[in-house]
Amino acid sequence: MKKIYIYPNSLKDRLLKRYNPYMDDLMEAADKYFTVINRDKPANSGIFDFLKYIFKTDIIYFNWIEKLAEKKGGVIQSLFLLIIINLRKLFGFEIVWTMHNKLTHSGKHYFWATAIFKSMLRNSKVIITHSSEGIDFGESIVPGSGKKIIYIPHPVK
């Protein structure tokens, strides 16, 4: 079974009881097809946590990654992310990304959000969007990316 690392899986969010059922549901669904290697190991070091798993990971699955620069140490984390994305073939993992938003809602880190967004469109093997407009939007930002964007309606219970 392929090993998947799912981001974010935040210790801080769990300690502060910022519960997001989307992530738990995603991990539960992924468990049927993959080994979620960080399922029971929430991170306290942001995207740097991935270093512990870099050689064990077949797929890294990103959510809300375009907001990374807004987090503590976010600019450094964003730079690290862009390096890791561009070296993915060297490390032997693929990228899957759920495009939740059209870029960022914050203007403060627009440069980093845009750089991450474009990099994800270029380098992801599969991109999931919960909005049918996401396919055309991705294609307008990075021509050719639309063929790897899949529309799946937003899950609800």
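The structure under discussion appears in the preceding block.
Reading guide: rules and limits
Residues numbered from 1 in each chain as written. Predicted model: local features only at pLDDT ≥ 70, side-chain atom pairs only at ≥ 80, totals over all residues. Heavy atoms only, no water. Helix = DSSP H or I, 4+ residues; strand = E, 2+ residues; numbered from the N terminus. Buried < 20%, exposed > 50% of the residue type's maximum accessible area, 1.4 Å probe, protein only. Polar contact = N/O pair within 3.5 Å; in protein donor to acceptor, adjacent residues only side chain to side chain. Contact = heavy atoms within 4.5 Å. Core = buried A, V, L, I, M, F, W, Y, C linked by side-chain atoms within 4.5 Å.

(A) Here's a closer look at the side chain of Thr129. Of note, Thr129 is situated in strand E5 (residues 126–129). Given the relative accessible area of 2%, Thr129 is considered buried. In terms of polar contacts, Thr129 uses its side chain to reach the backbone carbonyl oxygen of Ser131, at 3.1 Å. With residues up to four places along the chain from it excluded, the contact list for Thr129 reads Met99, Gly134, Ile135, Ile149, Ile150, Tyr151 and Ile152.

(B) Quick look at the nonpolar core. Within the largest apolar cluster, 30 residues are counted, with the highest numbers of intra-cluster contacts made by Phe50, Phe62, Ile65, Leu81, Trp97 and Met120. Residue assignment for this core shows that the elements contributing at least two residues are strand E1 (3–7), strand E3 (59–63), helix H3 (74–86), strand E4 (94–99) and helix H5 (110–123). With near-sequence residues (within four places) excluded, Phe50 lies in contact with Tyr5, Thr57, Ile60, Ile84 and Phe93. In this structure, Leu26, Ala30, Val36 and Tyr61 belong to the second largest nonpolar core, which totals 12 residues.

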